[in-house]
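Topology and contacts: notes
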Amino acid sequence: MTATSSLELMTPWRLLRSLQKTPRILQTLLRDVTSSQARQTSHDAHEWSIIEILCHLRDYEEIFFRRAFLILTEECPLIPIPESNEELAREGKYKQQDIITVLDSLFTTRQAFLQTLNDLQEEQWMRKGIHGKQFPITLKEAVLQVIMHDIDHIEQITQLLHE
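Residues numbered from 1 in each chain as written. Predicted model: local features only at pLDDT ≥ 70, side-chain atom pairs only at ≥ 80, totals over all residues. Heavy atoms only, no water.

Below, the discussion takes up the environment of C76. Assignment of secondary structure puts C76 in the loop between α4 (50–73) and β1 (78–79). By relative accessible area, C76 is classed as partly exposed at 39%. As for C76 and T138, which are separated by 62 residues in sequence, their C-alpha atoms are 9.3 Å apart. (Helix = DSSP H or I, 4+ residues; strand = E, 2+ residues; numbered from the N terminus. Buried < 20%, exposed > 50% of the residue type's maximum accessible area, 1.4 Å probe, protein only.)

Here it is, written out as structure tokens:
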């Protein structure tokens, strides 16, 4: 019996299926959330509001998509690390954003990302980039990072909705 790595279990089909879930989950979670509720901050001053989390997801969706594009089009590219989350929030004026506009942008970028990934061959999923000058990362691992990022922030939104 040969050992199977956990990365081998994450087939492109499973990764794509997981990426497709985030828009549906967010639509369901946020169906009845008003703009004013989306702007409410947590009891913890260090926690973001729902709108800030959504803006962060939207901005990172573009960052993750750009990383995937670099991995697919360049030979072992350096994967850029974005500015701090606080800087992105300040520059992007997260607190002033409209929830519907943010969700539309997030979902549009996710759809384009999915279309790009949908037709890839297995060897393309194994292409590598260098993450932050430190370690190699395959496209498959980069997509898994997106899925984990989604889960973390969906859980954060769920907690805010139940405060």
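Positive charge collects at one region of the surface, where R14, R17, K21 and R24 lie side by side. Following the sequence through the fold, R17 ends up in helix α2 (residues 12–30). On the basis of relative accessibility, which here comes to 36%, the residue R17 falls in the partly exposed class. (Patch = residues over 30% accessible without salt bridge, like charges linked within 9 Å, V, L, I, M, F, W, Y side chains within 5 Å. Areas by Shrake-Rupley, 256 points an atom, 1.4 Å probe, with all protein chains shown as cover. Salt bridge = Lys/Arg side-chain N within 4 Å of Asp/Glu carboxyl O. Lys, Arg positive; Asp, Glu negative; His and termini not counted. Charge placed at Lys NZ, Arg CZ, Asp CG, Glu CD.)

Reading across the sheet, the three strands line up as β1-β2-β3 and stay open at both edges, with mixed pairing between neighbours. The open sheet terminates on both sides in strands that have one partner only, identified here as β1 and β3 (135–138). Of the strand pairs in this sheet, strand β2 (residues 128–131) and β3 are connected by four bridges, and their pairing is antiparallel. Counted as the bridge partner of G129 is I137 from β3. Relative to β3, helix α8 (residues 139–161) is tilted by about 85 degrees, and along the sheet it contacts β2 and β3. (Pairing = 2+ DSSP bridges. Contact = heavy atoms within 4.5 Å. Axes fitted to C-alpha atoms, helices over the stretch in contact; angles between N-to-C directions.)

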